[in-house]
Amino acid sequence: MSTMTIGDIRPDTADTRSHAFVHARVMLRRNLRHLQRYPSLTLMVILMPLVLLLLFVYVFGGTLGAGLGSGMSAGVHGGRAAYADYVAPAIILLAVAAAAQGTAIAVAQDMTEGIIARFRTMAVARSSVLTGHVVSATIQTLIGVVVVTAAALAVGFRPHANAAEWLAALGVILLVTFAVTWLCVGLGLSARSVETASNSPMFLILLPFLGSGFVPTSSLPTGMRWFAEYEPFTPVNETLRGLLTGTKIGDNLGITIAWCVGVAVLSYAWSRRLYEREPKPR
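The structure contained in this document is the topic of the report that follows. (Residues numbered from 1 in each chain as written. Predicted model: local features only at pLDDT ≥ 70, side-chain atom pairs only at ≥ 80, totals over all residues. Heavy atoms only, no water.)

All right, on to the overall build of the chain then. Looking only at helices and strands, the chain features 12 helices and 0 strands. Along its sequence from the N terminus, the chain presents helices and strands in the succession α-α-α-α-α-α-α-α-α-α-α-α. Here the chain holds 282 residues, and the buried ones make up 51% of them. Here the contacts in the chain between residues at least 6 apart in sequence split such that 77% fall between residues at least 24 apart. Summed over all atoms, the accessible surface of the chain reaches about 13300 Å², with 66% contributed by carbon and sulfur. (Helix = DSSP H or I, 4+ residues; strand = E, 2+ residues; numbered from the N terminus. Buried < 20%, exposed > 50% of the residue type's maximum accessible area, 1.4 Å probe, protein only. Contact = heavy atoms within 4.5 Å. Areas by Shrake-Rupley, 256 points an atom, 1.4 Å probe, with all protein chains shown as cover.)

Shown next, in the form of structure tokens:
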């Protein structure tokens, strides 16, 4: 079994592309160690959605749940318990968005500290450095999703999904994670400072609030309702809610896949271009 470390990757390594998988594994190990060294970032990823879950279920849940109409699973009426079922998918997506923000910060740290500049001078497969960030972020995201889902169950979330629907929901979460993580890799590479990188992905955290995540879009003013119905997190919310609680999904799954594939492909191409360009003075 290979025990290659970053220091073993030399400019004279033969056939760099054939070693892309090995290099990606080395970068993954390095990023996971980075997460262990800075646990505050992981705590931020987990605590933010947990605080929002408790706030919306226990503070606003009674009032907001009483106003729920269409969009609830059969046999479920208003109240705090109904709202826990309604809001849980949005909180899960917030956990994904928070982890993606952490990815942008980690990539920006590598850029500002000169780590990526060093990798550019080494015979490292171009894709492996960025892939290491994406895979480690996916692992971090799944940890956050598991914790948030467990907390949602503890506060009253009662999904009706069978095993196949749980697997489908996991697939949707992974697809969204892949797309927004590559987007945040690009945001981290383009940021001129870690502070900029921490702020630029904030729209990913705001979008679930401006869709169907916390209230039905039918309750919104006309202009905001139009935006909420067509922004990307709404079909993702409706798909997860349908898979987990039995509400109608309609064409939301297809729209979710289209959004995620489009964002992932464009973000990957953008990130590779940013990584390969000549560094400019900061």
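What follows covers the side chain of Arg241. Turning to its location among the elements, Arg241 is positioned in helix H11 (residues 233-245). Judged by its relative accessible area of 1%, Arg241 falls in the buried class.

Turning our attention to the pattern of salt bridges. Enumeration over the complete set of coordinates arrives at 1 salt bridge. Residues Glu238 and Arg241 are paired through a salt bridge, measuring 2.8 Å at the closest nitrogen-oxygen approach. Highlighted residues: Glu238 and Arg241, both in helix H11, separated by 3 residues, approximately one helical turn. In terms of burial, Glu238 and Arg241 fall into one category: buried. (Salt bridge = Lys/Arg side-chain N within 4 Å of Asp/Glu carboxyl O.)

What follows covers the packing of H11 against helix H12 (residues 252-276). The contact between H11 and H12 brings their axes to 8 Å, and the two run at 130°. One way to sum up the angle between H11 and H12 is to call them oblique. For the crossing formed where H11 meets H12, the hand is left-handed. In contact with Pro235, Val236, Glu238 and Thr239 of H11, H12 contributes Asn252, Leu253, Ile255, Thr256 and Trp259. When its residues are assigned to classes, the contact of H11 with H12 shows 5 nonpolar, 3 polar and 1 charged. (Axes fitted to C-alpha atoms, helices over the stretch in contact; angles between N-to-C directions. Parallel < 35°, antiparallel > 145°, perpendicular 65-115°, else oblique. Left-handed = near helix turned anticlockwise from the far one by under 90°. Nonpolar A, V, L, I, M, F, W, Y, C, P; charged D, E, K, R; others polar.)

Moving on: the nonpolar core. One finds Leu53, Tyr83, Ile91, Val176, Leu204 and Phe214 to be the most contacted residues of the largest nonpolar core, which totals 53 residues. Looking at this core, the elements with two or more residues in it are helix H2 (39-59), helix H4 (80-112), helix H6 (126-154), helix H7 (163-190), helix H9 (202-206), H11 and H12. The element that contributes the greatest number of residues to this core is H4, accounting for 17 residues. Filtering out sequence-adjacent residues up to four positions away, Leu53 remains in contact with Ile91, Val148, Ala151, Ala152 and Val155. Judged by nonpolar contacts, the second largest core, of 10 residues, contains Met111, Val129, Leu130 and Tyr275. (Core = buried A, V, L, I, M, F, W, Y, C linked by side-chain atoms within 4.5 Å.)

Fair warning: the whole summary comes from geometry, so function is off the table for now.
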